[in-house]
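Observations on the three-dimensional arrangement
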Amino acid sequence: HNLVSQALRRLLRLYGFSVDRVEPRFFGPNHDEGPDVLVHLGVAVLLIDVSVVNNAAPSYVEAELHDLNSRFSQVEDVKRKRYAARAKAAGFEFTPFVLSAFGSFSQSAMATLRRLAKCTSDRTAFLRHMKMAISVALQRGNARLLLAAD
């Protein structure tokens, strides 16, 4: 999660987006939680919350959540309930950015990337670069988890 959030912020800056350096932590009751990325898109401000789901986790297997899209939708719904109204009240737009631990992007994650791509000079190159770099960050995070388990 953290490596993906960091990669997303770094890449967006690389493409010229105005991205806040500090995570916007004003959404939680103790100011210790909130969306991971704040991006300025002209007059709009987009809050992005990154989540990584592992469909192979025992809790998901036991709950019979085998369909990845169903799991993505479930996580997106939880995130929207948690942050969307507060974001709107603050004048921001909110979007969940959900990935599978194995590298799949949710529909909302892809829609977010496509929306951001519209602000670039080469949409195809932007999408390719973002997907590749985010996937690498995700796998680095997976490797760290595996190495830490030893």
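Residues numbered from 1 in each chain as written. Predicted model: local features only at pLDDT ≥ 70, side-chain atom pairs only at ≥ 80, totals over all residues. Heavy atoms only, no water.

With that settled, consider the pattern of salt bridges. Tallied over the full model, the rule gives 3 salt bridges. Of the charged contacts in the structure, one is a salt bridge between Lys79 and Asp49, with a shortest N-O distance of 2.9 Å. One end of the pair, Lys79, is in helix 3 (residues 68–89); the other, Asp49, is in strand 3 (residues 44–53), and 30 residues separate them in sequence. As far as the burial class goes, Lys79 and Asp49 line up, both buried. (Salt bridge = Lys/Arg side-chain N within 4 Å of Asp/Glu carboxyl O. Helix = DSSP H or I, 4+ residues; strand = E, 2+ residues; numbered from the N terminus. Buried < 20%, exposed > 50% of the residue type's maximum accessible area, 1.4 Å probe, protein only.)

Let us look at the environment of Gln139. Position of Gln139 relative to the elements: it lies in helix 5 (residues 123–148). Gln139 sits in the partly exposed class, given a relative accessible area of 38%. Separated by 135 residues in the primary sequence, Gln139 and Val4 have C-alpha atoms spaced 9.3 Å apart. Gln139 has contacts with Ala101, Phe102 and Gly103, leaving out every residue within four places of it along the chain. (Contact = heavy atoms within 4.5 Å.)

Worth remembering: the numbers are spatial, not functional.
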